[in-house]
Amino acid sequence: MSRGKEIIESLRTLADRNYAFMHICGTHEASIARSGLRSVLPGNLTIVMGPGCPVCITPQGEIDAALELADKDCILATYGDLLRVPGSEGSLESCRGDVRVVQGVHKAVEIAEKTDREVVFLSVGFETTAPTVAATILQSPPENFSILSLHRLVPPAMQWLLEQGEAKLDGFMLPGHVCAVMGYEEYEKFPVPQVVAGFEPEDILLGLLMLVNQVREGRAEVENAYPRVVSREGNVRAKKLMYEVFEPYDAEWRGFPVIPRSGLRLQEQFAAYDAQTKFDVEIRHVDTHSACICDRVLRGVARPTDCKLFGTACTPRKPVGACMVSHEGACKIWYLYQRNP
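This is a predicted model, so every value here is computed, not measured. (Residues numbered from 1 in each chain as written. Predicted model: local features only at pLDDT ≥ 70, side-chain atom pairs only at ≥ 80, totals over all residues. Heavy atoms only, no water.)

### Quick look at the overall build of the protein chain
Logical step 1: Looking only at helices and strands, the protein chain has 12 helices and 11 strands in total.
Logical step 2: Against the compact-globule benchmark of 20 Å for 341 residues, the protein chain has a radius of gyration of 20 Å, which places it among compact chains.
Logical step 3: For the protein chain, the spread of C-alpha atoms along the principal axes amounts to about 65 × 45 × 35 Å.
Logical step 4: The proportion of buried residues among the 341 residues of the protein chain is 57%.
Logical step 5: Long-range contacts, defined as pairs at least 24 residues apart, comprise 73% of the intrachain contacts of the protein chain with a sequence gap of at least 6.
Logical step 6: Of the side chains in the protein chain, 36 bear a positive and 44 a negative charge, and the two mean positions are spaced by 6 Å. (Helix = DSSP H or I, 4+ residues; strand = E, 2+ residues; numbered from the N terminus. Rg over C-alpha atoms; globule rule 2.2 N^0.38 Å. Buried < 20%, exposed > 50% of the residue type's maximum accessible area, 1.4 Å probe, protein only. Contact = heavy atoms within 4.5 Å. Lys, Arg positive; Asp, Glu negative; His and termini not counted. Charge placed at Lys NZ, Arg CZ, Asp CG, Glu CD.)

### What to know about the side chain of Thr58
Logical step 1: Here Thr58 shows up in the loop between β2 (45-49) and α3 (60-71).
Logical step 2: By relative accessible area, which is 1% here, Thr58 ends up buried.

### A few points about the sheet that holds strand β3 (residues 75-78)
Logical step 1: Ordered in space as β4-β3-β5-β6, the 4 strands form an open sheet in which the pairing is parallel. Every other strand in the sheet has two partners, leaving β4 (98-101) and β6 (145-151) as the edge strands with one partner each. With direction set aside, neighbouring strand axes in the sheet form an average angle of 25°.
Logical step 2: Examined bridge by bridge, β3 and β4 share 4 bridges and lie parallel to one another. Note on β4: the bridge partner recorded for Ile75 is Asp98.
Logical step 3: Together, β3, β5 (119-125) and β6 form the strand contacts of α3, whose direction differs from that of β6 by roughly 165°.
Logical step 4: The sheet contacts of helix α4 (residues 105-113) involve β3, β4, β5 and β6, and relative to β5 the element is tilted by about 175°. (Pairing = 2+ DSSP bridges. Axes fitted to C-alpha atoms, helices over the stretch in contact; angles between N-to-C directions.)

### Topic: the sheet that holds strand β9 (residues 222-224)
Logical step 1: Reading across from one edge, β2-β1-β7-β8-β9 is the order of the 5 strands in this open sheet, with parallel pairing throughout. Across the chains shown, the open sheet's two edge strands, defined by having one partner strand only, are β2 and β9. Averaged over all pairs of adjacent strands, the angle between strand axes in this sheet comes to 25°, irrespective of strand direction.

### Quick look at the pairing of strand β8 (residues 194-197)
Logical step 1: Every second residue of β8 is oriented toward a common face, with Gln194 and Val196 on one face and Val195 and Ala197 on the other, all of them buried.
Logical step 2: Bridge analysis of strand β7 (residues 171-175) against β8 gives 4 bridges, and the strand direction is parallel. In the strand pairing of β8, Phe172 is matched with Gln194.
Logical step 3: The parallel pair β7 and β8 is bridged by helix α7 (residues 176-182), and the resulting crossover is right-handed.
Logical step 4: Both β8 and β9 contribute to a ladder of 3 bridges, which runs parallel. (Right-handed = clockwise from strand over helix to strand, strands pointing away.)

### A look at the pattern of salt bridges
Logical step 1: Counted under the stated rule, the structure contains 25 salt bridges.
Logical step 2: We note a salt bridge from Glu93 to Arg84, for which the minimum N-O separation is 3.4 Å.
Logical step 3: By sharing partners, the salt bridges in this structure join Asp73, Asp98, Arg100 and Arg117 into a single network. (Salt bridge = Lys/Arg side-chain N within 4 Å of Asp/Glu carboxyl O.)

### Examining the packing of aromatic side chains
Logical step 1: As enumerated under the stated definition, the model contains 8 aromatic pairs in all.
Logical step 2: An angle of 75° between the planes, with centres 5.7 Å apart, marks the rings of Tyr79 and Phe121 as edge-to-face. Residue Tyr79 is located in the loop between β3 and β4, and its partner Phe121 is located in strand β5; the two are separated by 42 residues in the primary sequence.
Logical step 3: Here the aromatic residues Phe126, Trp160, Trp253 and Phe256 are joined through ring pairs into a cluster of three or more. (Phe/Tyr/Trp six-rings, centres within 6.5 Å; stacked < 30°, edge-to-face > 60°.)

### Here's the deal with the packing of helix α5 (residues 130-138) against helix α9 (residues 236-245)
The packing of two helices is summarised by the inter-axis angle and the distance between the axes.
Logical step 1: The N-to-C vectors of α5 and α9 enclose an angle of 60°; their axes lie 8 Å apart at closest approach. With respect to their mutual orientation, α5 and α9 come out oblique. The two elements α5 and α9 meet at a crossing, and its hand is left-handed. Between α5 and α9, the residues in contact are Ala130, Pro131, Ala134, Ala135, Ile137 and Leu138 and Ala238, Leu241, Met242, Glu244 and Val245, respectively. (Parallel < 35°, antiparallel > 145°, perpendicular 65-115°, else oblique. Left-handed = near helix turned anticlockwise from the far one by under 90°.)

### Regarding the environment of Lys189
Logical step 1: Examined against the element boundaries, Lys189 turns out to sit in the loop between α7 and β8.
Logical step 2: Under the relative-accessibility criterion, Lys189 is labelled exposed at 53%.

### Quick word on the nonpolar core
Logical step 1: Formed by 99 residues in total, the largest nonpolar core has its most connected members in Phe145, Tyr187 and Phe246.
Logical step 2: Ranked by the residues each element gives to this core, the list is headed by α3, at 6 residues.
Logical step 3: The residues contacting Phe246, other than those within four sequence positions of it, are Ala130, Val133, Ala134, Ile147, Ser149, His151, Leu264, Arg265, Leu266 and Gln267.
Logical step 4: Counting 25 residues, the second largest nonpolar core, distinct from the first, contains Ala15, Ala197, Leu206 and Val215. (Core = buried A, V, L, I, M, F, W, Y, C linked by side-chain atoms within 4.5 Å.)

Below, the structure written as structure tokens:
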């Protein structure tokens, strides 16, 4: 019997009541859906999707700010996933500005080095991408380069979810990519079972087994099922770089209210590279009025197939909500691998 089958049998034996665990990682969701893990788990064990897609949680106001920068004749450099995320009046793909897809911040700097025009990098992502951007800023890129910081931090969102209690959860599967950078020390303050898991199906199954065991034994701690990549302290140098350049601030997430100290903005000494300051662009809250339930999917209280738009009015070719845009978005993942409930 393979290791995966052994874990599945153990889960079926040990899952003696209803269990619900949330992951906060789009890559976890892609692996779960692609491998069909939900179909082999006990019926009383539920894996809930959380706000694990950085593109999906980027609110309309930030997309509108990017569109305003395009109207100011800036060259916008962005990851491809952001192109079709809807703002209040269109998307980056539909605007008439000069929007270029790049593989990372270094490519945006290369564009700035070859032009006299202003180049703005849309700096999106969790703690995984922020250190690279910080390192770039510390290397003094060209004066015509700046960033619109759209970074978010995972622990404050977890704290918000726990405080609200909207999704009835027994624990969390922590994001392996984020923990590879940040470690898992800051998660130890949360009084719930947590396991850092990798991304292969067997990694995820092991994480679930460890979570079930914690619940059964009345424990609430952070365990590491991904030691080949993740350590408790994380990448100390990367964390130092990140906080040398960025500082936390209160930020809105799509589907959430403003979450205290959940965003990253450039510190004052790097204001010359802050596109908001440089071009006097304000990020405003935008009320949404749509049948899309992306907000509920991101909070873990609905599944993509609960949405009446899913697979009909909303598809990857014509997305209505942000969760159908990104390759880490739950709706797009379910559309590709798991269309039926």
